[in-house]
Amino acid sequence: MPMGASDSKSLRTSGQVDGKPADFEYTRNEEEQLLSYRFANSDCVETLQREDIVALLPVHAQFPDDYSILYVVPPGDASARKIPIFQSMIATRLPEHFIHDFSPSGSSCWQLRSDRDGNRGRPNLHVVISTLSGAGLALDLFYNVVKHVLSYTGLQESRDYVVHCTQSERTITELTTSVFLPRANEANAQAIILFSGDGGVVDIVNTLLGGHRSKQYVRPSIALLPLGTGNALAHSLDVTTDNTLGLATMIKGAHQPLPLFKATFSPGARILVHEGSRQERLQVDAGGMSVMYGAVVCSWGFHAGLVADSDTAEYRKFGAERFQMAAKEALFPADGSEPHRYKAMVSLLRRNSERASKEEWQTLDREEHMYVLATLVSRLEKGFTISPASKPLDGKLRLVHFGPMPSDEVMRIMGQAYQGGHHVDEEAVGYEDIDGVRIDFGGREENARWRRICVDGKIILVEPDGWVEVRKGGNGAVDVVCMP
């Protein structure tokens, strides 16, 4: 039934809230979804908004009219509290449309995402808590909110799910190697509740694709609880359109294959770790090439620089504001000089429309650049729409690029991304659907600072004569949970 088309019986009922007589009214239209209830002999009306409701779950088969409403009380603007408060109530004889709209059902039911009995008695539902992601709120959110939600679904820690807390940058990679990949190869359906940002996803994806996958391989399903800094994937999948920090999507969402791109690097490229203080080799593919897979973005120039420069414990305290802080430092250097002009040859790959098998590379007509960013998603952070044409999981790789310009003009143009993505309407900005992009440095940049590439928040340093080539394609690693 279309939103707004409903009968009065399904919108108004009389029942109970926690055993006390109450009258319900469900407002359901294009602007809002709101449950109001008033206790008998009271003029006070209580309300629950869609944005605060996690899910509606049946209490027991013997009581078909009883449901537990799980919801959160978000922190106020002036509150020192950083995470929502979990609340619940038992409601009897709710409006039919409310039950329909907030109950998990069919293929979207969380119960279908993992083998409930576990692998040889071990749970296949994993809670992965990245303790240092973003502002470091993951542990508090789990123990004060998520654990209560899981208990209402009948799940108990150790028996039905296992909790993994990260101890280092390599914890998720090691966990994927020792647990997720072997079980996926044994045809076990696994569900991963990931308290992390985009970095946690890219760690899992690259480890899975870097290992051997059997013919029985079953893609693990990832539910995002976005606690990183940018959380581009979660924002682009509309996981963050409510106040539940991904819990509503976790319970009610459906799992879909996650589109990926593959970035292939020249042999001397190295990934920077420990806040850029150390270098490590990249993994190699079957052809012996250095590669990294991503689901969000591959960039060089201004964007990659500000991500790299702000990837410190001190900067992460500021959340997503760290990017704007680093951007101002890059655009307005302390010595008063103008921002760097990034030098490389950039080529774009497009399939010939008449001969799909024929590749056509086209070189951009400039060798100095400010911004080169290929992406599979629409938003890099909340409110920052980098690719307005991108749709959730559409698998299309789009490029945003422009050349050197005055710092104030860069700030003005990037500010348009916060206005619904109108930066792509600027004449100076290139915005196109591509199959791939290649960046050849050819000795043009001596300083390593200007040869940093960003792949989903990871920073890769390319050698002076090196290159990186990005191509779309590949979605066989994981599923991601999003609203159907």
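Just so it is clear, the structure is predicted and the values come from calculations on it, not from any experiment.

Visitor: So what's going on with the pairing of strand β4 (residues 45-49)? Which residues, and what values?
Guide: Across five bridges, strand β3 (residues 33-39) lies against β4 in antiparallel orientation. Bridge assignment links Ser 36 to a residue of β4, and that residue is Thr 47. Linkage of β3 to β4, two consecutive antiparallel strands, is achieved through a turn of five residues, within which Asn 41 is found at a positive phi near 65°.

Visitor: So what's going on with the nonpolar core? Which residues, and what values?
Guide: Judged by nonpolar contacts, the single largest core of 61 residues is most densely connected at Leu 194, Ile 204, Leu 224, Tyr 371, Leu 380 and Phe 402. Considering every element that reaches this core, the biggest residue donor is helix α4 (residues 171-185), with six residues. Those residues in contact with Leu 224 that lie beyond four places of it in its chain are Leu 194, Val 201, Leu 233, Ala 234, Leu 237, Val 239, Gly 246 and Val 480. Counting residues in hydrophobic clusters, the runner-up holds 31 residues, among them Leu 348, Ile 439, Val 455 and Val 468.

Visitor: I'd love a proper account of helix α5 (residues 198-210), names of residues and values included.
Guide: Between its first and last C-alpha, α5 extends 18 Å over 13 residues, near the 18 Å set by a 1.5 Å rise per residue. With respect to burial, α5 is a largely interior element, 11 of its 13 residues being buried. Turning to α5, its buried residues number three or more, namely Asp 198, Gly 200, Val 201, Val 202, Asp 203, Ile 204, Val 205, Asn 206, Thr 207, Leu 208 and Leu 209.

Visitor: Kindly report on the confidence of the model for the protein, identifying the contributing residues and their values.
Guide: When pLDDT is low, close inspection of the predicted coordinates is not appropriate. Averaged over all residues, the pLDDT of the protein equals 90, while 91% of them reach at least 70. Note on residues 1-9: pLDDT under 50 across the span, and 14 contacts to partners over four residues away in sequence or across chains.

Visitor: Outline the packing of aromatic side chains, listing residues and values.
Guide: Following the criterion strictly, the structure yields 14 aromatic pairs and no others. Here Tyr 37 and Phe 39 contribute two aromatic rings whose centre-to-centre distance is 5.9 Å and whose plane-to-plane angle is 85°, an arrangement assigned as edge-to-face. What makes Tyr 37 buried here is its relative accessible area of 10%. Centroid distance Trp 300 to Tyr 342: 5.7 Å. Interplanar angle 80°. Geometry classified as edge-to-face. Here Tyr 342 lies in strand β19 (residues 342-343) and Trp 300 lies in strand β18 (residues 297-301), a separation of 42 residues in the sequence. Under the relative-accessibility criterion, Trp 300 is labelled buried at 1%. Judged by relative accessible area, which is 8%, Tyr 342 ranks as buried. When the ring centre of Tyr 217 is taken as origin, the NZ or CZ atom of Arg 213, which lies over that ring, is 5.4 Å away.

Visitor: Outline the pattern of salt bridges, listing residues and values.
Guide: With the rule as written, the count across this model stands at 26 salt bridges. Here Asp 309 and Arg 449 are joined by a salt bridge, their closest N and O atoms 3.1 Å apart. Here Asp 309, found in helix α8 (residues 302-309), pairs with Arg 449, found in the loop between β28 (436-440) and β29 (452-455); they are 140 residues apart in sequence, far enough to count as distant. In this structure Asp 309 comes out as partly exposed when scored by relative accessible area, which is 25%. A salt bridge links Glu 367 to Arg 444, with the nearest nitrogen and oxygen atoms 3.2 Å apart. One end of the pair, Glu 367, is in the loop between β21 (359-363) and β22 (368-369); the other, Arg 444, is in the loop between β28 and β29, and 77 residues separate them in sequence. The class of Glu 367 is partly exposed, set by a relative accessible area of 46%.

Cut-offs applied
Every chain begins its residue count from 1, and numbering advances along the sequence as written. Residue-level local features of this predicted model are given only where pLDDT is at least 70; pairs of side-chain atoms are given and counted only at 80 or more, and the full residue set underlies all totals for whole chains, interfaces and linings. Hydrogens and waters are ignored; side-chain quantities use all the structure's heavy atoms. Strands pair, by our definition, only if DSSP identifies at least two bridges between them. To qualify as a helix, a DSSP run of H or I must reach at least 4 residues; to qualify as a strand, a run of E must reach at least 2; elements of each kind are numbered from the N terminus. Here the nonpolar core consists of buried residues drawn from Ala, Val, Leu, Ile, Met, Phe, Trp, Tyr and Cys, with membership extended through side-chain atoms lying within 4.5 Å. The buried label goes to any residue with under 20% of its type's maximum accessible area, the exposed label to any with over 50%, and the partly exposed label to all in between, with areas taken from a 1.4 Å probe on protein chains only. Note on contacts: a residue pair is in contact if any heavy atoms of the two residues lie within 4.5 Å. In this scheme, a helix's expected span is set at 1.5 Å multiplied by one less than its residue total. Confidence of the predictor in every single residue is expressed as pLDDT, which spans 0 to 100. Two rings from Phe, Tyr or Trp (for Trp, the six-membered ring) form a pair when their centres are within 6.5 Å of each other. A pair whose planes differ by under 30 degrees is stacked, one over 60 is edge-to-face, and the rest are tilted. Working rule: Lys NZ or Arg CZ, within 6 Å of ring centre, within 35 degrees of ring normal, means a charge sits over the ring. Counted as salt bridges are all cases of a side-chain nitrogen of Lys or Arg within 4 Å of a carboxyl oxygen of Asp or Glu.

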